Amino acid sequence: MIIGRGEGDTPGRNDKGLVTYDRATRKDAFYWYKANWTATPSVYITSRRWVDRTDPVTSVKVYGTADSVTLKVNGVQVGAATPLTGHAYTWPDVTLAPGTNTIEVTGVRAGTAYTDTATWTLR
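Let me begin by describing the structure that accompanies this report. Note that the structure is predicted; figures quoted are calculated from it, not measured.

**A short note on the nonpolar core**
Judged by nonpolar contacts, the single largest core of 17 residues is most densely connected at Val60, Val62, Val69, Leu71, Trp91, Ile103 and Val105. Elements that contribute at least two residues to this core include exactly β1 (43-45), β3 (57-64), β4 (68-73), β7 (88-95), β8 (99-109) and β9 (112-122). Core analysis: the second largest hydrophobic core is formed by 5 residues, Tyr31, Ala35, Tyr63 and Ala88 among them.

If you want it as structure tokens, here you go:
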């Protein structure tokens, strides 16, 4: 009998936290803290591990410390980000094309560009 939590991927294991159980993958929350607690220039696309998408309309959220952030989907620039609190930016109602989609964000800070890329597949 397993005593403890009965939720998450593995019974008895707490799956919450900033990194995966094996410490191999930093979760989205890790990058939120990085954007809010450090001065290190960065941009990070959230929900990047959710690669197989079923809804063609989605939101893209980015954590970062850049002065400005731009989004491209399959090489096409999307409109301006909606700034949220806590160094977060979002683009609601982004339409994905069937098949593979390349999501790219570029943040500029003090004249230097920082880029992050994710690949999502619309089934």
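After that view, the rundown keeps rolling.
**Observations concerning the side chain of Lys27**
In this fold, Lys27 is placed in the segment before α1 (28-37). Excluding its chain neighbours within four sequence positions, the residues that come into contact with Lys27 are Asp15, Lys16, Gly17, Leu18, Val19, Thr20 and Arg49.

**As for the sheet that holds strand β6 (residues 82-84)**
Pairing is antiparallel across the open sheet formed by 4 strands, whose spatial order is β1-β3-β7-β6. In this open sheet, the two edge strands, each paired with only one partner strand, are β1 and β6. Between one strand axis and the next, the sheet turns by 30 degrees as a mean value, whatever way the strands run. Packing of α1 onto the sheet brings it into contact with β1 and β3, and relative to β3 it is tilted by some 45 degrees.

Here is what the cut-offs are and how they apply
Residue numbers run consecutively from 1 along every chain, following the written order of its sequence. pLDDT decides what is reported in this predicted model: residues at 70 or higher carry local features, side-chain atom pairs at 80 or more are listed and counted, and totals for whole chains, interfaces and linings draw on all residues regardless. Just so you know, side-chain values use all the structure's heavy atoms and leave hydrogens and water out. The nonpolar core is taken to be a set of buried Ala, Val, Leu, Ile, Met, Phe, Trp, Tyr and Cys residues, with the residues joined through side-chain atoms within 4.5 Å. Three labels apply to residues, based on accessible area from a 1.4 Å probe with only protein chains included: buried if under 20% of the type maximum, exposed if over 50%, partly exposed otherwise in between. A run of H or I in DSSP becomes a helix once it reaches four residues, and a run of E becomes a strand once it reaches two; helices and strands are each numbered from the N terminus. Contact definition: two residues touch when any of their heavy atoms are within 4.5 Å. We call two strands paired when DSSP finds no fewer than two bridges between them. Fitted lines through C-alpha atoms give the axes, limited to the stretch in contact for helices. The angle between two N-to-C directions lies from 0 to 180 degrees.

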